[in-house]
Amino acid sequence: MASNSASVQRNGASLVFSGVLDRAAVTALWPSLAALDGVQQLDLAAVSKLDSAGLALLAELAARLRANGTAPTIIGSPDGFTDLSAAYRLAPTLDFHALPAAS
């Protein structure tokens, strides 16, 4: 189990995630993610997989960064990231993009 435990560390302008980002990990990690000043990257290279709760956490962080004027860079694509992003219609930057209006 220890090899799957999730963690996040601040490394300069990056939040570096590792392990499995699932519902339990999100609950444990959320309190440590309050201070986002200067964050420009979400580094997922060491994340082995994520579920919808993990994706929701990352999308929320990306939205908060955009609200503060930073377009975050996403590094890495763990197992589940691409499929869940497509299912929730999230852009590669984790920004929600609705379908274009019909003309």
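The rules behind each value
- Residues numbered from 1 in each chain as written.
- Predicted model: local features only at pLDDT ≥ 70, side-chain atom pairs only at ≥ 80, totals over all residues.
- Heavy atoms only, no water.
- Pairing = 2+ DSSP bridges.
- Helix = DSSP H or I, 4+ residues; strand = E, 2+ residues; numbered from the N terminus.
- Axes fitted to C-alpha atoms, helices over the stretch in contact; angles between N-to-C directions.
- Contact = heavy atoms within 4.5 Å.
- Salt bridge = Lys/Arg side-chain N within 4 Å of Asp/Glu carboxyl O.
- Buried < 20%, exposed > 50% of the residue type's maximum accessible area, 1.4 Å probe, protein only.

### A short note on the sheet that holds strand β3 (residues 41–50)
Item 1. Reading across from one edge, β1-β2-β3-β4 is the order of the four strands in this open sheet, with mixed pairing throughout. With one partner strand each, in any of the chains shown, β1 (7–11) and β4 (73–75) form the two edges of the open sheet. Recorded for the sheet is a direction-independent mean angle of 20° between the axes of neighbouring strands.
Item 2. Judged from the seven bridges that link them, strand β2 (residues 14–21) and β3 form a sheet pairing that is parallel. Looking at the pairing, Ser 18 lines up with Ala 46 of β3.
Item 3. Across the sheet, helix α2 (residues 52–67) lies against β2 and β3, angled at about 175° from β3, the strand it touches most.

### Here's the deal with the pattern of salt bridges
Opposite charge on two side chains permits them to pair, given that their charged atoms come into close proximity.
Item 1. The tally for this structure, following the rule as stated, stands at two salt bridges.
Item 2. Among the salt bridges present, the one from Arg 66 reaches Asp 95, with a minimum N-O distance of 3.4 Å. Of this pair, Arg 66 sits in helix α2 while Asp 95 is found in the segment after α3 (81–87), placing the two residues 29 residues apart along the sequence.
Item 3. Judged by relative accessible area, which is 33%, Asp 95 ranks as partly exposed.

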